[in-house]
Amino acid sequence: MPQSTIESILQEKRLFHPSAEFSQNAHIKSLEEYQQLYDRAQADPQQFWGELAEKELDWFQKWDQVLDWQPPFAKWFVNGKINISYNCLDRHLTTWRKNKAALIWEGEPGDSRTLTYAQLHREVCQFANVLKQLGVEKGDRVGIYMPMIPEAAIAMLACARIGAAHTVVFGGFSAEALRDRLIDGQAKVVVTADGGWRKDAIVPLKEQVDKALAEGVPTVQNVLVVKRTGQQIHMEPGRDHWWDDLQKGVSANCPAEPMDSEDMLFILYTSGSTGKPKGVVHTTGGYNLYSHITTKWIFDLQDTDVYWCTADVGWITGHSYIVYGPLSNGATTVMYEGAPRNSNPGCFWDVIEKYGVTIFYTAPTAIRSFIKMGEHFPKARNLSSLRLLGTVGEPINPEAWMWYYKVIGGERCPIVDTWWQTETGGIMITALPGAIPTKPGSATRPFPGIIADVMDLDGNIVGDNEGGYLSVKYPWPGMMRTVYGDPDRFRRTYWEHIPPKDGNYTYFAGDGARKDEDGYYWVMGRVDDVINVAGHRLGTMEIESALVSHPAVAEAAVVGKPDELKGEEIVAFVTLDSTFTASDELAKELKKHVVGEIGAIARPGEIRFTEALPKTRSGKIMRRLLRNLAAGQDVSGDTSTLEDRGVLDKLREGA
Ligand code: WT7
């Protein structure tokens, strides 16, 4: 986090209350009501979650136990039978919502499409039958590598309908990254498009799939291709099929498969501080409940709302808060293919005006870029339909919060700053907008049923306003169940940083935080080797591996440097193989190489060539020192463990 952000957060004292009108009409209407819910959930979490599961979802068969907790492995709603696609679609068809807009889609070039619940149900059933015809069975994995088009959501729901787990790979990832994920998840089918529109250019998705499969991904038998952009692509006979050809004439009758509550719903890969990205596993029943109830209470969904989350379905935010949460609630969810771009910097405001969006959920990095573009873009549009705003992905600096509140929200919309992670499945710390007054820069309070705290590494709760580690002391329904194929990594990464005591396990989130005297949480950012660039989570080690796979690179150390717009920027310290010499061209080539290995989101902002990296006597790279150096801070103190002080002088000279 930039130093200026930390300082302004530490001084922040303002408090914003929702209007009386907002509170009166909200699902949770007052601080007292929140506190009662919270206390009740804390006193008996299983009773709390059990009642909600019964009231909010449709089950084919009721569970016989709410929670089976064999730390750190949890089973929720044991032996319950449920299908999330049924809860997102079928159950609305017997109500007036049958012909309500489920999905409003806006393409970047200006084309658009609206699917009612009945229409979405039909498409999902047909595509589920297509998957079945291609031999996809319950328990199989399906890779989804798509632009932001309705077919992405249709494919996800179709997988869920027949009990195949999807693994969505963000369309900005490279062929290499896609390949790794398809191999790890042993995908049987890949669903993609010829291309997608992003910033007035075509993202050649199918071409990337071809590259990913060229070296052989043995499990993949079929590739299904949506025609989106219409450019020339290669279609491999026998392997590749057009979505439209297969969808034509297929039966729209496909009953939802009764799934066990703990059957895998999806795998989603995310970066950690060590090793390759982890396949985060989410299961059916608990995830359905958690994404449903958090969407309902945090976004205060009402039947008249038009809800828009600007995330990509390639991230967990897209899973929980574009697709599953809103649809399970019978809401109207907006999906937008594009991104603010030179040819239309105000495109987000166009979408809000065009569809009368009432709830808008985006990332701090986007807000900061809107500030930079200028107020005249949002001011040129009618944003009076908005009634609630949200942010997610990284800490929001109070200045950006205030701008969002005034310029976008017209000082009438509460802001929910929602802290959570791929691993948590849904939002964990947030305001409930009608109940909890907000402070700019604070995610405020834990969601009912989330027993969180700020601790030291021994598991002691630290005092008010003292920094510590954000932790959760009790399982919750939306939590990840394991790392795909590596339960031991799951245990080590999340449940052993804070040593278990007397059989009590604590979830370690990897974020630093403090809690103030009002019980409000202030999340300060990652405490591990994960960096957050424009809300995208990247492991330093992943980028280092990408760099050393280039023949010129001997060793690499990657750190984050505070950036006013993106939150953090990637700085790579690189030593070269003796047959190469440092040059601007080589720096460019290395950046390109990282983009090829991981994707454009991992492009280093800066490559610094150096003769050696600073190491301790035991050979560990001193990242803290590099971080300070990258941020332009003084590094003369605290270098006693440095093996060779000369390295430091050279690094300083190089800067
Ligand atoms: C990391 C999780 C699931 C949301 C999208 C990112 C950071 C997320 C906030 C927030 C401060 C936040 C944390 C977290 N983060 N939301 N409101 N305030 N930090 O999901 O890729 O799994 O990243 O994003 O550092 O650990 P993700």
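Counting restarts for each chain, with residues numbered from 1 along the sequence as it is written. Owing to the predicted nature of the model, reporting of local features is limited to residues with pLDDT of at least 70; listing and counting of side-chain atom pairs is limited to 80 or more, with chain, interface and lining totals taken over all residues. Just so you know, side-chain values use all the structure's heavy atoms and leave hydrogens and water out.

## Concerning the overall build of the protein
- Helical segments are the DSSP runs of H or I of at least four residues, strand segments are the runs of E of at least two, and each set is numbered from the N terminus. Within the protein, the regular secondary structure consists of 21 helices and 32 strands.
- The C-alpha atoms of the protein give a radius of gyration of 24 Å, which matches the 26 Å a tight globule of 655 residues would have.
- Overall, the protein is about 75 × 65 × 60 Å in size when its C-alpha atoms are taken along their principal axes.
- Per-residue burial for the protein yields a buried fraction of 61% across its 655 residues.
- Pairs of residues are marked as contacts when any of their non-hydrogen atoms sit within 4.5 Å. Within the protein, residue pairs in contact and separated by at least 24 positions form 72% of the contacts whose partners lie at least 6 positions apart.
- For the protein, the computed accessible surface area is about 24,500 Å², with 48% contributed by carbon and sulfur atoms.
- Counting rule for charge: Lys and Arg are taken as positive, Asp and Glu as negative, and neither His nor the chain ends is counted. Charge coordinates come from a single atom per side chain, which is NZ of Lys, CZ of Arg, CG of Asp or CD of Glu. The protein carries 69 positive and 85 negative side-chain charges, and their two centres are separated by 2 Å. Between the two quantities, the radius of gyration covers C-alpha atoms and the globule rule is 2.2 Å times the number of residues to the power 0.38. Summary of the burial criterion: residues with accessible area below 20% of their type's maximum are buried, those above 50% are exposed, and those between are partly exposed, where the area comes from a 1.4 Å probe applied to protein chains only. Only the protein chains shown count as cover for residues, with accessible areas throughout obtained via the Shrake-Rupley method and a probe of 1.4 Å.

## Examining the pairing of strand 1 (residues 65–70)
- Two strands are said to pair when DSSP picks up at least two bridges between them. Here strand 1 runs beside strand 2 (residues 73–78); their pairing, made up of five bridges, is antiparallel. Paired with W69 across the strands is A74, a residue of strand 2.
- In sequence, strand 1 turns back onto strand 2 through a hairpin of two residues.

## A closer look at the sheet that holds strand 24 (residues 468–472)
- A sheet is described by the order of its strands in space; here four strands give the open sequence 23-24-26-27, paired in antiparallel fashion. Two strands bound the open sheet, and with one partner strand each, they are strand 23 (452–455) and strand 27 (521–526). Mean inter-strand twist for the sheet, computed between neighbouring axes without regard to direction, equals 45°.
- Alignment of strand 26 (residues 507–515) against strand 27, held across five bridges, turns out to be antiparallel. Within strand 27, the residue paired with A513 across the bridge is V523. To get an axis, fit a line to the C-alpha atoms, keeping to the stretch in contact for a helix; angles then go from 0 to 180 degrees between the N-to-C directions.

## As for the UniProt feature "domain: Acetyl-coenzyme A synthetase N-terminal" (unreviewed entry) in the protein
- Here, UniProt's "domain: Acetyl-coenzyme A synthetase N-terminal" (unreviewed entry) annotation points to residues 34–88.
- In residues 34–88, helix accounts for 49% and strand for 25%; the two terminal C-alpha atoms are 27 Å from one another. UniProt positions are given in the numbering used here, feature names are shortened, and annotations may be inferred rather than shown by experiment.

## Considering the packing of helix 3 (residues 31–43) against helix 4 (residues 45–56)
- One way to put it is that helix 3 packs onto helix 4 with a least axis distance of 5 Å and a crossing angle of 115°. Accordingly, the angle class assigned to the pair helix 3 and helix 4 is roughly perpendicular. Between helix 3, through L37, R40, A41, Q42 and A43, and helix 4, the contact on the second element is made entirely by P45, F48 and E51.
- Of the residues assigned to the contact of helix 3 with helix 4, the class counts are five nonpolar, one polar and two charged. Geometric relationships in this document are graded by angle, where less than 35 degrees denotes roughly parallel, more than 145 denotes roughly antiparallel, 65 to 115 denotes roughly perpendicular, and other angles denote oblique. For this classification, Asp, Glu, Lys and Arg are treated as charged, while Ala, Val, Leu, Ile, Met, Phe, Trp, Tyr, Cys and Pro are nonpolar and the rest, including Gly, are polar.

## With respect to the site of the ligand
- Note on definitions. A residue lies near a molecule or strand when any single heavy atom of the residue is within 4 Å of it. In the vicinity of the ligand, 17 residues are found, and the nearest of them are D417, T418, T422, D511 and R537.
- Between the ligand and the protein, one listed contact pairs a nitrogen atom with a backbone N or O atom of G393 at 3.1 Å.
- We call two N or O atoms a polar contact when they sit within 3.5 Å, provided that within protein one can donate a hydrogen and the other can accept it, with sequence-adjacent residues counted only if both atoms are side-chain atoms. Contacts to the ligand include R537, whose side-chain N or O atom sits 2.8 Å from an oxygen atom.
- Contact with the protein chains hides 94% of the accessible area of the ligand, taken as 560 Å² for the molecule alone.
- The set of elements that each furnish at least two residues to the shell around the ligand consists of helix 12 (316–328), strand 20 (415–418) and strand 27.
- Broken down by class, the residue content of the shell around the ligand amounts to six nonpolar, six polar and five charged.

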